[in-house]
Amino acid sequence: MFLLHPKVPSRHCPDARSRELVEKTVGFFEAKGKTRLRKDDLDRAWYADFLDFSRREKLLATFLTPAPLGGEGMRWDTWRNCALNEVLGFYGLPYWYTWQVTILGLGPIWMSGNGDARRRAARLLEAGGIFGFGLSEKEHGADIYSTDMELVPAGEGRYLARGDKYYIGNGNEAALLSVFGKMAGTGEYVFFLVDPKHPKFELVKNVVASQSYVAEFVLHDYPVNEADILSRGQAAWDAALNTVNVGKYNLGWASIGICTHALYEAVRHAANRRLYGMAVTDFAHVRRLFTDGYARLVAMKLFALRASDYFRSASREDRRYLLFNPVMKMKVTTEGEKVIDHLWDVIAAKGFEKDTYFEMAARDIRALPKLEGTVHVNIALIVKFMKNYLFAPAPFPPVPRRDDEADDTFLWDQGPASGLSKIRFHDPAPVFAAWNQPNVALFREQIAALKEFLVRATPSEEQAKDVDFLLVVGELFTLVVYAQLVLESAALSAAQGIDGDTVDQIFDVLVRDFSRHALDLHAKPAATPTQVELSLKMIRRPAFDAGRADRVWRTVHALKDAYEMNP
């Protein structure tokens, strides 16, 4: 089975210790049950029980400590982290969020040359501590150029930190916060450690209405010494961006987990409900909505798994992950919103009921596209890669499935966060050519039409500054990248039930999506007459196959009795 099934032992982790911890995490939530899960959500209760469980089992420590700093079984292994990402999202965004913010908080520490700080963090993590990432500010958001947090010199090797931070997850209970600022007087960037228990740390409030604690805090002449400094100058700047490179990858997995749980609940409800003398799942439009939602969800997971392979195989010479990670963040999370919308159109008022998981899912799925940079920011990043990706492929050895038990050391030594326009990619054409499904063939035609558009009607410098115009071109390009990794992953996932029917159904959806974006491009006020004409050449009608659609639908309908959370 390709989708997560909590009551079937995980196939995601190849080693016994990792599987044990993932299964214990599932067991924790199933023992807690849906009634208590929903009560804690409605009461906005701090998830102390989950953090106690994590401390007892050394859950976060095992998964998030680099091997040289940890004990037996501890390593940072993106493949197995995917499994825990998915499980935590499956049971509720707040549980995933405390894990995610800990990842962000640890990033600047693991990237630091300060060995004492790294060892200190490892000890606190093993003791059950959580961490936080002090980057954003109330006045500037994530505009780190404009940060107002300062370190003011106060004698040899001593400083006073002055300033405030906003949107800082785990800010209430973190063992340590990695805080970004500038050196007073010089403007040099700096990352330093802060202990939220210090009297000069003021916890102002939780800025969200949630189980999660997203803090506003102020540092009032908080004392900092050299032992607390993680990085300075360019190294601090790179640590900020490279940490986000790590963190944004996880966002898609939260969406995948949320959508999977919501799908089980929605299919179960619809298949057991009758209207006008028919089962709800007998209506043609309901079958289409469920089938499209399932196809989108499977594609999300296929992309996510393949992006992990490139992330784990990255090096200074192969930085393709810097395209795939923002696609993971931007595309997988927005696809998650579409999946929930499809399901909600079926279950309707049921989706508002307070004793359903779906009510949580419908609310929380909206958050993920808006974290670690907006969709628009990530599309603007993605288009930087478009020229080399589409028109200047380079040879690369094949990247295998990276499910080996390795410590992902490159994540903490990514190097300068620059030079994006120089990154090269392997030729996507053979990937698409290897599949003969009708809708894959139609998608190949759409790629060719996009390339013709870019060659014959290249966006002008003025159009490139028009964000509204740029975004739709970015959406079209993103679909190409997304589809490529979906196909690469599908070829590696046949044993999990990914067959030609599933791929063709996914591309039925992708062909329609591509056509919608092309029509949007056609309507843009900034488009030239030639661009208007060429945008219409990208529109295709998907190839419909009643037999294929019915076979995929039967796979979806079979989920009606597959899983229900313990009460």
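In what follows, the accompanying structure is described. (Residues numbered from 1 in each chain as written. Predicted model: local features only at pLDDT ≥ 70, side-chain atom pairs only at ≥ 80, totals over all residues. Heavy atoms only, no water.)

## Regarding a negative patch on the surface
Together, E139, D148, E150 and D164 make up a region of like negative charge exposed at the surface. With respect to the secondary-structure elements, D164 resides in strand β3 (residues 158–169). For D164, a relative accessible area of 30% puts it in the partly exposed group. (Patch = residues over 30% accessible without salt bridge, like charges linked within 9 Å, V, L, I, M, F, W, Y side chains within 5 Å. Areas by Shrake-Rupley, 256 points an atom, 1.4 Å probe, with all protein chains shown as cover. Salt bridge = Lys/Arg side-chain N within 4 Å of Asp/Glu carboxyl O. Lys, Arg positive; Asp, Glu negative; His and termini not counted. Charge placed at Lys NZ, Arg CZ, Asp CG, Glu CD. Helix = DSSP H or I, 4+ residues; strand = E, 2+ residues; numbered from the N terminus. Buried < 20%, exposed > 50% of the residue type's maximum accessible area, 1.4 Å probe, protein only.)

## A look at the pattern of salt bridges
Per the stated rule, a full pass over the model turns up 56 salt bridges. Across the pair D77 and R312 runs a salt bridge, and its minimum N-O distance is 3.2 Å. Of the two residues, D77 is situated in the loop between α3 (59–64) and α4 (78–91) and R312 in helix α8 (residues 284–312); the sequence distance between them amounts to 235 residues. On the accessibility criterion, R312 (7% relative accessible area) is buried.

## Digging into the packing of helix α9 (residues 321–347) against helix α16 (residues 467–491)
At their nearest, the axes of α9 and α16 sit 10 Å apart, and the two run at 100 degrees to each other. Taken together, α9 and α16 sit at an angle that is classed as roughly perpendicular. For the pair formed by α9 and α16, the contact residues are L323, F324, V327, M330, K331, V332 and E335 on the first element and E475, F477, T478, L479, V481, Y482 and L485 on the second. Here the contact of α9 with α16 is built from residues that sort into 10 nonpolar, 1 polar and 3 charged. (Axes fitted to C-alpha atoms, helices over the stretch in contact; angles between N-to-C directions. Parallel < 35°, antiparallel > 145°, perpendicular 65-115°, else oblique. Contact = heavy atoms within 4.5 Å. Nonpolar A, V, L, I, M, F, W, Y, C, P; charged D, E, K, R; others polar.)

## Description of the environment of Y294
Its place among the elements puts Y294 in helix α8. Beyond its immediate sequence surroundings of up to four residues, Y294 is in contact with L3, L263, V552, T555 and V556.

## Considering unusual backbone geometry
Backbone geometry follows two general trends: most residues other than glycine have a negative phi, and most peptide bonds adopt the trans configuration. The backbone phi angle of Y167 is positive, close to 65 degrees, even though this residue is not glycine. Here Y167 shows up in strand β3. Phi is positive for N170, which is not a glycine, with a value near 65 degrees. Note on placement: N170 falls in the loop between β3 and β4 (176–183). Take N170: its relative accessible area is 0%, and that puts it in the buried class.

## Details of a nonpolar patch on the surface
A cluster of nonpolar residues, L519, L536 and I539, forms a patch on the protein surface that exposes about 240 Å² of accessible area. Along the chain, the position of L536 falls in helix α18 (residues 529–536).

## With respect to the pairing of β3
In the case of a regular strand, side chains alternate between the two sheet surfaces. Alignment of strand β2 (residues 150–153) against β3, held across 4 bridges, turns out to be antiparallel. What sits directly across from L151, in β3, is A161. Where β2 folds back on β3, the antiparallel hairpin that results is connected by 4 residues, among which G155 adopts a positive phi of roughly 115 degrees. Strand direction decides the pairing type here: β3 and strand β7 (residues 214–225), joined by 10 bridges, are antiparallel. (Pairing = 2+ DSSP bridges.)

Geometric descriptors of this kind do not, in isolation, establish any biological role.
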